[in-house]
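The lines below spell out each chain.
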Amino acid sequence: MDMNFISIIIPAYNEEENVQLVYEKIKKEFLSLSYDFEVLFINDASTDGTLQQIKQLSTKTPNVKYISFSRNFGKEAAIFAGLQHVSGRAVIIMDADLQHPPCLIPDLMKGYEEGYDQVIARRNRKGDHVFRRLCSATYYKVVNKVVDVELKDGVGDFRLLSERAVQAALALNEGQRFSKGLFSWIGMEQKIIDYDNVIRENGETKWSFSKLLNYGLDGILSFNNSPLRACFHTGAFILMLSVVYSIITFIQIMENGVDVPGYFTIITAILLLGGIQLLSLGVIGEYIGRIYYETKKRPTYLIQETNIMNGVPHEKNR
Ligand code: UDP
Ligand code: MG
């Protein structure tokens, strides 16, 4: 394989205004670099003209490849499909919306030349809504306490992976993927490059608040069983409290006899314990749900069409 061949994976969902643009910008960056490149678009079943745009581009430029999914499988699946189908020695993963500025490519390549397996682009949160900044800052504080891989604020999927890192990422073949954590899990030599946050110009973000919330939960649940531990600890703590409380009440009754009926104590205990029990059940349920999905061994994605030769590996695509 050619040492100087770089693949760029771009998941695209309803990005018709961006396809051409992002390709042009990438091409421009490679003019000053001594590397050949291919751009692999993963069309995540866009409902706009994204696929047409990509096809048009690929007929004009042979180094544009695409895979088009049979339905919307999500960005995680798109990245996985990309990693399975690249032919480059190193791989760069970036968004279609230009929020991952192509002008960082030379820096990424520099890190690659220095021998790093992962060159990670990290954004600051300039221009983000205060509320979102606050949420993510708190989230990363919490998540890094409970999860055993390190998740950094501002670090996403925008990065360069060496061939070794790609192989490692592919070896983690879980169906429900949380790339950010998986890339952190594989470790290897890493270099971080900081860049200023870019506001999306064309199209709109695909994240709703509930999607973000679920993504956040995924981050915590995909990596270990500390939430189950937390349920156990809470249970043990409450058990201890209630033993102490019953002893105190018992002594009081022995001394003073039964006095008040204790409506408040009872209702508080019921609500509190009810809440904790439901929460714990939810946590257990989440894990069982994950086991359920993993045991089905469904493919992570299905390909509708592609211009990659031998590009339909249905039996190996998870
Ligand atoms: N994306 C995708 N499938 C989806 C949603 C998003 O492939 O179901 C792509 C999208 O086209 C973009 C990238 O993932 O290239 C990041 O999406 P977005 O810009 O909405 O996320 P944000 O930058 O707001 O985190
Ligand atoms: Mg974006």
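Bear in mind the structure is a predicted one, so any value in this text is a computation, not a measurement.

What exactly am I supposed to notice about the overall build of the protein chain here?
When its secondary structure is counted, the protein chain shows 10 helices and eight strands. Here the C-alpha radius of gyration of the protein chain, 25 Å, is well above what a compact globule of 318 residues would show, namely 20 Å. Each principal axis of the C-alpha distribution contributes one length, and for the protein chain these read about 90 × 40 × 35 Å. Split into buried and exposed, the 318 residues of the protein chain put 27% on the buried side.

Explain the site of ligand 1 here, please?
Around ligand 1 sit 16 residues, and of these Pro11, Tyr13, Ala96, Thr205 and Lys206 come closest. Breaking the shell around ligand 1 down by element, the ones donating at least two residues are strand 1 (5-12) and helix 3 (75-85). For the shell around ligand 1, the class distribution of residues is six nonpolar, four polar and six charged.

Looking at this model, I keep getting lost on the nonpolar core. Mind explaining?
In summary, soluble globular proteins display a tendency toward joint burial of nonpolar side chains. If you look at the biggest cluster of nonpolar residues, it comprises 53 residues, and the most contacted ones within it are Ile9, Ile10 and Val91. With six residues, the single largest contributor to this core is helix 3. Those residues in contact with Val91, other than ones at most four positions away along the chain, are Ser7, Ile9, Leu83, Val86, Leu160, Leu161 and Val166.

Where do I start with unusual backbone geometry in this structure?
With the exception of glycine, most residues fall at negative phi, and the peptide bonds are largely trans. Even without being a glycine, Ala45 presents a positive backbone phi close to 55 degrees. Considering the arrangement of structural elements, one finds Ala45 in the loop between strand 2 (36-43) and helix 2 (50-60).

Could you clarify how one ought to interpret the packing of helix 9 (residues 226-256) against helix 10 (residues 263-296) in this entry?
Helix-helix packing is characterised by the crossing angle of the two axes and by the distance between the axes. Between helix 9 and helix 10, whose axes approach to 9 Å, the crossing angle comes to 155 degrees. Classified by the angle between their axes, helix 9 and helix 10 sit roughly antiparallel to one another. The handedness of the crossing between helix 9 and helix 10 is left-handed. On helix 10, the residues touching Pro227, Leu228, Cys231, Thr234 and Ile238 of helix 9 are Ile276, Ser280, Val283, Ile284 and Tyr287. Counted by class, the contact of helix 9 with helix 10 contains eight nonpolar, two polar and no charged residues.

Mind showing me how you'd approach the domain arrangement of the protein chain here?
Much of the literature gives interface size as the accessible area that the parts lose upon coming together. Taken domain by domain, the protein chain consists of domain 1 (5-205 + 300-306) and domain 2 (225-296). The interface of domain 1 with domain 2 comprises four residues on the first partner and four residues on the second. For the side of domain 1 that touches domain 2, a count of residues per class yields one nonpolar, two polar and one charged.

Cut-offs and rules
Residues numbered from 1 in each chain as written. Chains lettered and ligands numbered in written order. Predicted model: local features only at pLDDT ≥ 70, side-chain atom pairs only at ≥ 80, totals over all residues. Helix = DSSP H or I, 4+ residues; strand = E, 2+ residues; numbered from the N terminus. Rg over C-alpha atoms; globule rule 2.2 N^0.38 Å. Buried ≥ 20, exposed ≤ 12 C-beta atoms within 10 Å, placed from the backbone. Near = placed C-beta within 6 Å. Nonpolar A, V, L, I, M, F, W, Y, C, P; charged D, E, K, R; others polar. Core = buried A, V, L, I, M, F, W, Y, C linked by C-beta atoms within 7 Å. Contact = placed C-beta atoms within 7 Å. Axes fitted to C-alpha atoms, helices over the stretch in contact; angles between N-to-C directions. Parallel < 35°, antiparallel > 145°, perpendicular 65-115°, else oblique. Left-handed = near helix turned anticlockwise from the far one by under 90°. Domains from an automatic or database assignment.

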